[in-house]
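# A closer look at the structure
What follows is each chain in one-letter form.
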Amino acid sequence: MIPYGRQSVSEKDIQAVVDVLRSDFLTQGPRVPAFERAVAAHVGAKHAVAVNSATSALHLACLVLGLGAGDALWTSPNSFVASSNCGLYCGARVDFVDIDPRTYNMCPRDLRRKLETARSAGRLPKIVVPVHFSGQSCDMDAIGELAREFGFRVIEDASHAIGGSWRGSPVGSCAHSDIAVFSFHPVKIITSGEGGMIVTNDAALASRAIELRSHGVTRDPDRMVRPGGGAWRYEQIGLGFNYRMTEMQAALGLSQLEELVRFVVARHALAARYDVALSGLPLVLPWRHPDSYSALHLYVVQIEDHAPIGRMELFERLREEGIGVNVHYIPIHTQPYYSALGFEVGDFPLAERYYSRAISLPLYADMSEADQDHVISVLIEALRR
Ligand SMILES: *Cc1c(COP(=O)(O)O)cnc(C)c1O
């Protein structure tokens, strides 16, 4: 089966992990801070905090920004459930902003309308989480402006987008946000097995995240309530977790980061081949925002209404041909857990309409042109009238 996404792991990556296994530290050693420094430098952020997943990163990002009961977090319905679950972990209310039908990202005009309504009702969100769907940045200038005007904080869910940029600034530079988070799950752009990263330009947010990823414990005398005593002294000053990344993960991530630019360039070359080969078919191809350089985590097509077969049939046909297509995403608000919170089908019609027609085609840095040609020929065969 040709998967929709997969990791590219080299002998150099394998050696980096093996080296850790022969070293003194499997956790809390030198590789995690080295990976943090490398990611911060690569994306142009002042601070980076590595954790065991992007889900943990989102949770900590919400906590360090003070999200709690009585607050609200808004995100995009066209995302993985982790983008909104982080708000629920903190006891906050969650709501969604419908998507722009061209980018499939949170629509800034819709966000403004919803903020104006919320302001009248005295229910403005504390945090908005724009998701850079498929690796293409949201309009961060517009979202940053709204954040200043309406007084909310911004966490970029950049799980798809490391290696991308918005108006020349790397995603993760946090020029228009408080925090950005990355995922290093194997289907994402670079991997550490499981893993995630918080990046921010705010030193206080970073140090709180470092405490919370490790039980809420500090050894920094300046942060202690009762400093002094023996050198063994640590203090728990918050309620934290064990969200730490291991040294094996960090070594893999660090080695992968060296290939990031090449991986994204390879994704662009494959996407350009899809663009040309699929252009005559009844498919809506991905639209590239001229201000965004996408990391191209996903290549999503929508099946036109006048196509000879529907999404379900096309999906099954591709799977029968050994092509591991997928669908991103089932709108979060239609999940049973969210229905139970009061959301209904019809609440975010553009995300729902997009979802009903979407298929993610295989795309990953090491995909062979022969495999891609197989995907293309099955699509042409299925969609020819
Ligand atoms: C993958 C993903 C996550 C969660 O990442 P993990 O590292 O698997 O926890 C969150 N948000 C989005 C948009 C994702 O694609």
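Residues numbered from 1 in each chain as written. Predicted model: local features only at pLDDT ≥ 70, side-chain atom pairs only at ≥ 80, totals over all residues. Heavy atoms only, no water.

## Regarding the site of the ligand
Note the following rule: Any residue with at least one heavy atom within 4 Å of a molecule or strand is counted as near it. Think of a polar contact as two N or O atoms within 3.5 Å of one another; within protein, one of them needs to be a possible hydrogen donor and the other a possible acceptor, and neighboring residues in sequence only count if both atoms come from side chains. Secondary structure elements are defined from DSSP: runs of H or I of at least 4 residues count as helices, runs of E of at least 2 residues count as strands, and each element is numbered from the N terminus. In this count, Pro and Cys sit with the nonpolar residues alongside Ala, Val, Leu, Ile, Met, Phe, Trp and Tyr, while Asp, Glu, Lys and Arg are called charged and the others, Gly among them, polar.
Inspection of the region around the ligand gives 15 residues, with Thr55, Asp157, His160, Ser183 and Lys188 positioned closest. The side chain of Asp157 places a nitrogen or oxygen atom 2.7 Å from a nitrogen atom of the ligand. Contact between the ligand and Lys188: an oxygen atom at 3.0 Å from a side-chain N or O atom of the residue. Counting residues per element, the ones that place at least two in the shell around the ligand are helix 3 (54-64) and helix 4 (82-89). Grouping the constituent residues of the shell around the ligand by class yields 5 nonpolar, 8 polar and 2 charged.

## Structural notes on unusual backbone geometry
For clarity, the threshold we go by: Three exposure classes are used, based on accessible area relative to the maximum for each residue type with a 1.4 Å probe and protein chains only: buried under 20%, partly exposed in between, and exposed over 50%.
Omega for the bond connecting His328 with Tyr329 falls within 30 degrees of zero, at 0 degrees, which places this linkage in the cis form. Secondary-structure assignment places Tyr329 in the loop between helix 10 (311-320) and helix 11 (336-339). A positive phi angle, near 45 degrees, is found at Arg167, a position not held by glycine. Within the secondary structure, Arg167 is located in the loop between strand 6 (165-166) and strand 7 (169-170). For Arg167, a relative accessible area of 46% corresponds to the partly exposed category. Although it is not a glycine, Cys174 sits at a positive phi angle of roughly 60 degrees. Residue placement: Cys174 occurs in the loop between strand 7 and strand 8 (179-183). When its relative accessible area of 6% is taken as the criterion, Cys174 is described as buried.

## Some thoughts on helix 6 (residues 140-150)
For clarity, the threshold we go by: Here the arc refers to the directions that run from the helix axis out to each C-beta atom. By the convention used here, residues are in contact when the closest approach between their heavy atoms is within 4.5 Å.
Within helix 6, burial applies to Met140, Ile143, Gly144, Leu146, Ala147 and Phe150. Seen from one end, helix 6 has its buried residues packed into an arc of 160 degrees, which puts them on one side. Residues Glu145 and Arg148 are exposed on helix 6 and point more than 90 degrees away from its buried face. Buried residues in helix 6 make contact with helix 5 (108-121), strand 5 (153-157) and strand 6. The N-cap residue of helix 6 is Asp139: its side-chain oxygen and the backbone nitrogen of Asp141 are 3.3 Å apart.

## Some thoughts on the domain arrangement of the protein
Applied cut-off: Note that domain bounds follow an automatic or database assignment of domains. Buried area: the sum, over both parts, of the accessible surface (1.4 Å probe) that disappears when the two are put together. Each reported salt bridge corresponds to a side-chain nitrogen of Lys or Arg within 4 Å of a carboxyl oxygen of Asp or Glu.
Domain annotation of the protein identifies domain 1 (2-257) and domain 2 (260-383). Averaged C-alpha coordinates put domain 1 and domain 2 at centres separated by 25 Å. Interface of domain 1 and domain 2: buried area, both sides summed, is about 4100 Å²; carbon and sulfur atoms make up 62% of it. Here domain 1 and domain 2 share 1 salt bridge between them. Arg167 is paired through a salt bridge with Asp291; the nearest N and O atoms lie 2.8 Å apart. On inspection of domain 1 and its partner domain 2, the count reaches 27 residue pairs in polar contact (both at pLDDT 80 or more). Broken down by secondary-structure element, the contributors of at least two residues to the side of domain 1 that touches domain 2 are helix 4, strand 3 (93-96), strand 6 and helix 8 (247-257).

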